[in-house]
2 protein chains.
Amino acid sequence: MAEQQKLTIEGNEAAAYIAHRCNEVIAIYPITPSSAMGEMSDAWSNQGRKNLWGAVPEVIEMQSEAGAAGTVHGALQTGALTTTFTSSQGLLLMIPNMYKIAGELTSTVFHVAARSLAAQGLSIFGDHSDVMAVRQTGFALLSSNSVQEVMDFALIAQSVTLKARIPVIHFFDGFRTSHEVNEAIIPSDDLMRTMLPDALVRAHRKRALTSDAPVLRGTSQNPDVYFQGRESVNPYYDAMPDTVQACFDQFAKLTGRQYHLFEYHGSPDAERLIILMGSGAEAAEETIDHLLSQDEKVGVLKVRLYRPLSATHLIKAIPANVKKIAVLDRTKEPGADGEPLYKDVVTALAEYIGSGGDKFASMPRTVGGRYGLSSKEFTPGMIKAVLDELVKDAPKNHFTIGIHDDLSHTSLEWNEISVDAGDNVTRCMFYGLGSDGTVSANKNSIKIIGEGTDLHAQGYFVYDSKKAGAVTISHLRFGPDPIRSSYLIGQNEAHFIACHQPVFLERYDMLAHAADGAVFLLNSPHSADAVWNDLTKKMQQQIIDKKLSVYVIDAYSVATESGMGRRINTVMQTCFFAISGVLKKDVAIAKIKQAVEKTYGRKGAKIVERNFAAIDAALAHLHKVEIPTEINSASIMQPAVVGDVPEFVRDVTGEIIAGRGDAIPVSFMPNDGTWPLGTAAFEKRNLALEIPVWDEDLCIHCGKCPFVCPHAAIRSKV
Amino acid sequence: MAEQQKLTIEGNEAAAYIAHRCNEVIAIYPITPSSAMGEMSDAWSNQGRKNLWGAVPEVIEMQSEAGAAGTVHGALQTGALTTTFTSSQGLLLMIPNMYKIAGELTSTVFHVAARSLAAQGLSIFGDHSDVMAVRQTGFALLSSNSVQEVMDFALIAQSVTLKARIPVIHFFDGFRTSHEVNEAIIPSDDLMRTMLPDALVRAHRKRALTSDAPVLRGTSQNPDVYFQGRESVNPYYDAMPDTVQACFDQFAKLTGRQYHLFEYHGSPDAERLIILMGSGAEAAEETIDHLLSQDEKVGVLKVRLYRPLSATHLIKAIPANVKKIAVLDRTKEPGADGEPLYKDVVTALAEYIGSGGDKFASMPRTVGGRYGLSSKEFTPGMIKAVLDELVKDAPKNHFTIGIHDDLSHTSLEWNEISVDAGDNVTRCMFYGLGSDGTVSANKNSIKIIGEGTDLHAQGYFVYDSKKAGAVTISHLRFGPDPIRSSYLIGQNEAHFIACHQPVFLERYDMLAHAADGAVFLLNSPHSADAVWNDLTKKMQQQIIDKKLSVYVIDAYSVATESGMGRRINTVMQTCFFAISGVLKKDVAIAKIKQAVEKTYGRKGAKIVERNFAAIDAALAHLHKVEIPTEINSASIMQPAVVGDVPEFVRDVTGEIIAGRGDAIPVSFMPNDGTWPLGTAAFEKRNLALEIPVWDEDLCIHCGKCPFVCPHAAIRSKV
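Reading guide: rules and limits
- Within each chain, residue numbers correspond to sequence positions counted from 1 in written order.
- To read the labels, note that chains go from A and ligands from 1, taken in the order they are written.
- Local features in this predicted model are restricted to residues whose pLDDT is 70 or higher, and side-chain atom pairs enter the listing and the counts only when it is 80 or higher, whereas totals over whole chains, interfaces and linings include all residues.
- Note: side-chain values were computed over all heavy atoms of the structure, leaving out hydrogens and water.
- Here an axis means a line fitted to C-alpha atoms, over the contact stretch when the element is a helix, while the angle between two N-to-C directions is reported on a 0 to 180 degree scale.
- Per the convention used, a helix needs a DSSP run of H or I reaching at least four residues, while a strand needs a run of E reaching at least two, with both numbered from the N terminus.
- Any angle from 65 to 115 degrees is called roughly perpendicular, while one under 35 is roughly parallel, one over 145 is roughly antiparallel, and all others are oblique.
- Note on convention: near helix rotated counterclockwise from far helix by under a right angle means a left-handed crossing. Clockwise means right-handed.
- Only heavy atoms enter the contact rule, under which two residues are in contact if any of them lie within 4.5 Å.
- Residue polarity follows a fixed list, in which Ala, Val, Leu, Ile, Met, Phe, Trp, Tyr, Cys and Pro are nonpolar, Asp, Glu, Lys and Arg are charged, and the others, Gly among them, are polar.
- Between any two strands, at least two bridges found by DSSP are needed for them to pair.
- Only protein chains enter the accessibility calculation, which uses a 1.4 Å probe; a residue whose area is less than 20% of its type maximum is buried, one above 50% is exposed, and one in between is partly exposed.
- What sets the superposition is a least-squares fit of C-alpha atoms, and only residues with pLDDT of at least 70 in both copies go into it.
- Note on ring pairs: Phe, Tyr and Trp rings are taken, using the six-membered ring of Trp, and paired if centres are within 6.5 Å. Classes follow the plane angle, with under 30 degrees stacked, over 60 edge-to-face and the rest tilted.

Chemist: Explain the packing of helix 18 (residues 569-580) of chain B against helix 20 (residues 605-621) of chain B residue by residue, including any values.
Modeler: Residues and elements named next belong to chain B. The geometry of helix 18 relative to helix 20 is characterised by a closest axis approach of 8 Å and an angle of 45° between their N-to-C directions. Overall, the two elements helix 18 and helix 20 adopt an arrangement that is oblique. Once helix 18 is placed against helix 20, the crossing between them reads as right-handed. Residue-level contacts link Thr570, Val571, Thr574, Cys575 and Ala578 of helix 18 to Asn611, Ala614, Ile615, Ala618 and Leu619 of helix 20. Its residues assigned to classes, the contact of helix 18 with helix 20 comprises seven nonpolar, three polar and no charged.

Chemist: Got a sec to walk through the sheet that holds strand 2 (residues 25-28) of chain B? Specific residues and values, please.
Modeler: Residue and element names in this part refer to chain B. Pairing is mixed in the open sheet, where seven strands are placed in the order 3-2-4-5-7-6-13. Whereas interior strands pair on both sides, the edge strands pair on one side only; in this sheet they are strand 3 (58-61) and strand 13 (305-307). Here the average twist between neighbouring strands, direction ignored, is 20°. For strand 2 and strand 4 (residues 82-86), the ladder comprises three bridges, and the chain directions are parallel. Pairing of Ile26 across the sheet is with Thr83, part of strand 4.

Chemist: Mind laying out the environment of Ile275 of chain A, listing which residues take part and the relevant values?
Modeler: Residues and elements named next belong to chain A. Position of Ile275 relative to the elements: it lies in strand 11 (residues 272-276). The spatial distance from the C-alpha of Ile275 to the C-alpha of Leu698 is 68 Å, given a sequence separation of 423 residues. Setting aside its immediate chain neighbours within four residues, Ile275 contacts Leu301, Val303, Ile318, Ile325, Ala326, Val327, Leu328, Leu341 and Val345.

Chemist: Account for unusual backbone geometry, with residues named and values stated.
Modeler: Look at the link from Arg307 of chain A to Pro308 of chain A: it is a cis peptide, with omega at -10°. Its place among the elements puts Pro308 of chain A in the loop between strand 13 (305-307) and helix 13 (311-317). In this chain, Thr32 of chain B is followed by Pro33 of chain B through a cis amide linkage whose omega measures 0°. Looking at the element boundaries, Pro33 of chain B is found in the loop between strand 2 and helix 2 (35-46). Its identity as a non-glycine residue notwithstanding, Ser375 of chain A has a phi of 60°, on the positive side. With respect to the helices, strands and loops of the structure, Ser375 of chain A is situated in the loop between strand 15 (365-371) and helix 15 (380-389). Overall, the relative accessible area of 12% leaves Ser375 of chain A in the buried class. With a phi angle near 50°, His398 of chain A is a residue other than glycine that sits in the positive phi range. Secondary-structure assignment places His398 of chain A in the loop between helix 15 and strand 16 (399-401).

Chemist: Describe helix 1 (residues 11-21) of chain A, and please don't skip the residues or the numbers.
Modeler: With 10 of 11 residues buried, helix 1 of chain A lies mostly within the body of the structure. Residues Gly11, Asn12, Ala14, Ala15, Ala16, Tyr17, Ile18, Ala19, His20 and Arg21 of chain A constitute the buried set of helix 1 of chain A.

Chemist: Explain the relation of the copies chain A and chain B to me, and be specific about the residues and the numbers.
Modeler: When chain A is fitted to chain B, the best match, at an RMSD of 0.1 Å, comes from turning it 180° and sliding it 0.1 Å along the axis. Expressed as a symmetry operation, the mapping of one chain copy onto the other fits a two-fold axis. Here 100% of the contact residues of chain A are again contact residues in chain B; the copies associate through an equivalent surface.

Chemist: Summarise the packing of aromatic side chains; cite the residues concerned and give the values.
Modeler: Residues and elements named next belong to chain A. Considering all chains together, one arrives at 32 aromatic pairs over all chains under this definition. Consider the rings of Phe125 and Phe175, whose centres lie 4.8 Å apart with planes at 35°: the pair is tilted. A residue pair is termed long-range when its members are at least 10 positions apart, and Phe125 in the loop between strand 5 (109-114) and helix 6 (129-132) and Phe175 in the loop between strand 7 (168-173) and strand 8 (181-186) qualify at 50 residues. A residue is classified by how much of its surface remains accessible, and Phe175, at 5% relative accessible area, is buried. Plain terms: the ring middles of Phe496 and Phe576 are 5.0 Å apart, the flat faces sit at 70° to each other, and that makes the pair edge-to-face. With Phe496 in strand 20 (residues 494-499) and Phe576 in helix 19 (residues 569-580), this residue pair connects regions lying 80 residues apart in the sequence. You can call Phe576 buried: its relative accessible area is 0%. Members of the aromatic cluster, connected to one another through ring pairs, are Phe430, Phe478, Phe496, Phe576 and Phe577.

Shown next as structure tokens:
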């Protein structure tokens, strides 16, 4: 096996790494959550980073994704290995070119961080609505479920497309996988060359349009021959599944990582089965393992090659004892009477049974459901609820899981479960302010642990769409085994919780996430003696009940005194390593300092010294809080919205602001995306460390202040 | 019932008529075969034609269909009744806006002349690839199958969308329906007002964005609430099928024309069923009637409301005795393992049976097939072949019908049948040259017959994609019953055949279409005595064997002498009426003259007089040819390509030129759309009445001649 390097990176970087290494032309247009792939490729080419064949890929930014797709089509016709990255509406703009690229049997891979489509509202988050909207174009669709798979499938897709001459959409869940930090073993250049032999590249080149051997491509075809032309590609699509499996097998020989078109995990005599694709399959696999330990006859089938869909392989992969199947789609097609993967599975089963297939005693009862739209959490509790539903004689069909649908009553009820309770994974949560450095520090911590130790590490970052100045919650997991929990840290699960901003104390129920005996780190201007009295009644009770250890540091003071200004990230990171127990304290501090040198070294010794000072000062100013046996606070959390609020603001906007949007039932949501105005008046974000006061004596009436107030709290009157 | 006017028009005009009458804003961008809808709307608005409410609709041409869709979205948000027309890639460019228009529950109708998508080649012809590519957007899809249905469904769609708040794609087959001339009863304004009550229009207006009652529409929604928002529209989609049926029923009360979501036609105890949508359903209905007369237990189910798909209504519409079903899709989704309508039907059946439905003794064996891609003919013979296949124990699945697939062996064999042999339909074919006026004259003839008599009339025009200067074959049918033959006139079926260009004699096997005893009209410079010797051996044999009556006229001479120059259309049209027997000769001539006055009257009396002269001269110069009892010709048809042609040109290009492209098997077609160059050298179109000869003495070496030669037969050398 070829030697391979392990990195701790985001899914986007994993895809971009392979794409940049295996292509000559990269046409881009940025769209969340795929932008990082294009940005990194652009940066790498600017740095002169070369591809496998010693050339620097040409990165071309176009005016839109429609232009990017046209550029891809054109570059491919010159024989250049060409790729692009996109998401959501960006992919929609590529559709016309995609039909032509596929129709001309052109080898290319589009890497897609799959994202919702704007309908009743825009969302930048992840689901399969975009890739499902191109499933009819003739592109293959290959789904990867984790950062490692993104890395592996990016390469396999490139190999497959050159062999099979069918273009490939390689997709992974936007944010959940594109922005998750996890480990990825990077294939060596030798390995990549083995997967992409020169003969395939030369064959691709040979299909170029060239004046040396002119041909006509892109003719007009009339009713007499178009139909025949359209059927002439069938052998390529028929052969594709075996070609993909052959690439999977070749890859397995080279790396030890074996994949299958449809990958079953579960009891060999499973009676209940979940079929799905994308990151949710990781959570499903975890959940199945948990249920197997309770002797449940259950399993999960992961769909990797969604198009071309090989019904034969699909049926083969379903255990013979299966009696009930739930097919989960991460998309919604209003009016379709069933989502696409569900219909595909039902059709495959019906065809198999209808043509005399006798693997199953009878046709498995198959139902379909929607989950995880727009990065809605998909947790072990939900997966168990789906499997529990299958126990029923007549399981609900066309269900939803993960929401409360009090309108059409599609939703299944569920209870959260912890699938690895009592195991050896350490879970840590950090409440930071957007742009306060918390996320960067945590990414740094994950690298320290993931790349510097034998531990496996995972990081996921929940951004508020208000971005800068809003809460950002980091979810970090560390443990001795690979981490595939593709969902957030749940209630009572976190071993470490850090509150980087004192104001969050009155805003978020952070300690609901704390496991018994967890460590709580609080940035507070109050001393260890005084801070107890600053906590709400509920927090005090949680700390006592869950026997939490509480540490306090005045991070702003430490940062200011170390010359770091208001950058508290190094201070808080130091405290995390000092008290979380993930690494030995001395080892950890040494590694933080190494990381500081690596990150800031080129910015000058002064910055490095300030960081070192902050690290040392952090350790000196970190104090454990003595926990009384009784609560003494009467304070309660601030409501999210205050004053005389309209019903809608109370029930919807306010709940969203309070971080309880997940619990809003369907009937409360505006069905056509129409929202009332003026709701900003009810949200007091209370973020500022200092509040400005107008001094009439000093005011020169320049009129600039109204321009900088986004909430129109300052108005200009003439 | 409201009084209604009957017109003989194209499908496009039927849709445009309603659209222009029922909207305030019409955003357009031209694309074949939908362009006429936009052009007519534009012309009508320029003429000041008003909509139902007395306003002239604003027609806005944008830079592309993407812009048109954005304009529609924007105009709708102002509360304007808004529509657009498009096809193919044009519809693809509208996709991003379509998700938003549907997501915001906005009432609008897009009229789509459904067309192929460019893949291995571009095609301007009709199938359902474009509308199938938007089936996931949340738009409803309503299929109309004939010109009358286009008229009716355009109005019904407008009514439904205002009631149901779901936007509608109203589609009909490109060319086959968009360009077919047939009868349509035009709903009166009163009828339209009844279907579109002011209250609905006001409700639409009230949903406008207005500063008088400001709201926010088009928010960003995060993972906490997007999923719930997406499910909030379910009640609208659930209610839509019943709303559509209610509109159908209301329309039936007003007009007597009753439609259903899924419309069954056939034996009440049918055992074999075809399910499909679009113009092919007309041919299927004809064929079923034919087979019913032979006591076959067969039927056809026409899908009218494809999205939202009501499985309940679908199952209800399938007769209980059905044992085998063929679902026919007019689209291909490479790699999908089954086309969309097929998967929908299989899923509906499997769900019904799986949840205990007991209408059928057992689950009907269901297979899927593709037909009619890009206006490939779909004939009674093919329909019968599909039904015959269903007789087998294990009918072929994923089949094709209408082509010879010697590559993947998907195709069913078929024999052409005549479903109305011996009936009272008159079928006429006209071979004209693109832009020689044949089509216009024929459209005129259809109007004369369809609007001026009790006869029903249909016209369809097969254009070569070379357009001007290439052959255009007109297929006209007249008869006492409505004509629903959605396919060309077949072999041995035509009662009248006209050859408007002498050169076609040596190029096309026109008389293969002639029925026994048919009339053959030939434009020839030869006299009635001499023309026999000018025919090929085969033609002579056909004329004798089929007992044809042959008439000859030197139309170019008659036209020239009447001052019509080379415009022979009036001359040939006169001859048609004189000898076809469709109308009494005197009546017909009077009507042609009326039509001439109507058409050319405003261009001045001189033109009208010339036409009258041509009509009279035509009658004087039309001669019947005495048919000998024996053939005397040795000449044979010219091969389409001559000389030492490469294999590909002989087998593919040459066959296409010869008009035998339909018979080219799949394996002969380039699978990636790559064609050899230089093939124009082998096609001698032989169209010119005069051939230029270069006179060196006169040449001033201006160099202009190479520019005007599209075939580079004249080259410029410096």
